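Given next are the chains, with one letter for each unit.
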Amino acid sequence: MPGWDDVERIALSLPETGERVSRDLRQWRVKDKLFVWERPLRRAEIEALGSEAPDGPILGARVEHLGAKEALLVDDPAVFFTTSHFDGYPAILVRLDRITLEDLEEVVTEAWLVRAPNRLARAYLEGSR
């Protein structure tokens, strides 16, 4: 089961990424653009989700567009979910205690690619071939 140390390791391995702490929660940014973050549920979200509300660690992650978000929600609802707070917003919530390390690496990297400047993302992709 991956944890916050894995998120940190993956995120900080990507070019020009930094970590910040805001309101005692960790977040990772590329060129000052947030791409993944620690995201506990708020009281209203817990109430709205009811028995479906996860009690483990939750990672917020940007996605390319709403279509990508919907695909993840359908693909693996045991891992990926959302709340009304994120309606209309290209971001997904991830149950960190249910995702595989391989899938976590993909989620973090894809979130980074979405938020990184085009030139930086292209250089990274070209170097990954």
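Conventions and cut-offs
- Residues numbered from 1 in each chain as written.
- Predicted model: local features only at pLDDT ≥ 70, side-chain atom pairs only at ≥ 80, totals over all residues.
- Heavy atoms only, no water.
- Core = buried A, V, L, I, M, F, W, Y, C linked by side-chain atoms within 4.5 Å.
- Buried < 20%, exposed > 50% of the residue type's maximum accessible area, 1.4 Å probe, protein only.
- Helix = DSSP H or I, 4+ residues; strand = E, 2+ residues; numbered from the N terminus.
- Contact = heavy atoms within 4.5 Å.
- Pairing = 2+ DSSP bridges.

1. Side note on the nonpolar core
At step 1: In terms of nonpolar packing, the biggest core is built from 28 residues, with Phe35, Val36 and Val108 touching the most fellow members.
At step 2: Elements that contribute at least two residues to this core include exactly helix H1 (4-12), strand E2 (25-30), strand E3 (33-38), strand E4 (58-62), strand E6 (91-95), helix H4 (101-115) and helix H5 (118-128).
At step 3: Looking at this core element by element, the count peaks at six residues for H4.
At step 4: When residues no more than four places from it in sequence are discounted, the contact partners of Val36 are Val7, Gln27, Trp28, Leu59, Gly60, Ala61, Val108 and Ala111.
At step 5: Core analysis: the second largest hydrophobic core is formed by seven residues, Trp37, Phe81, Phe86 and Ala91 among them.

2. Things to note about the pairing of E4
Looking along a regular strand, one sees the side chains alternate between the two faces of the sheet.
At step 1: Counted residue by residue, E4 has five buried out of five residues, so it is predominantly covered.
At step 2: Residues Ile58, Gly60 and Arg62 of E4 are buried on one face, and the alternating residues Leu59 and Ala61, pointing to the opposite face, are buried as well.
At step 3: For E4 and E6, the ladder comprises five bridges, and the chain directions are antiparallel. Bridge pairing links Ile58 to Arg95 in E6.

Nothing here speaks to function; it is geometry throughout.
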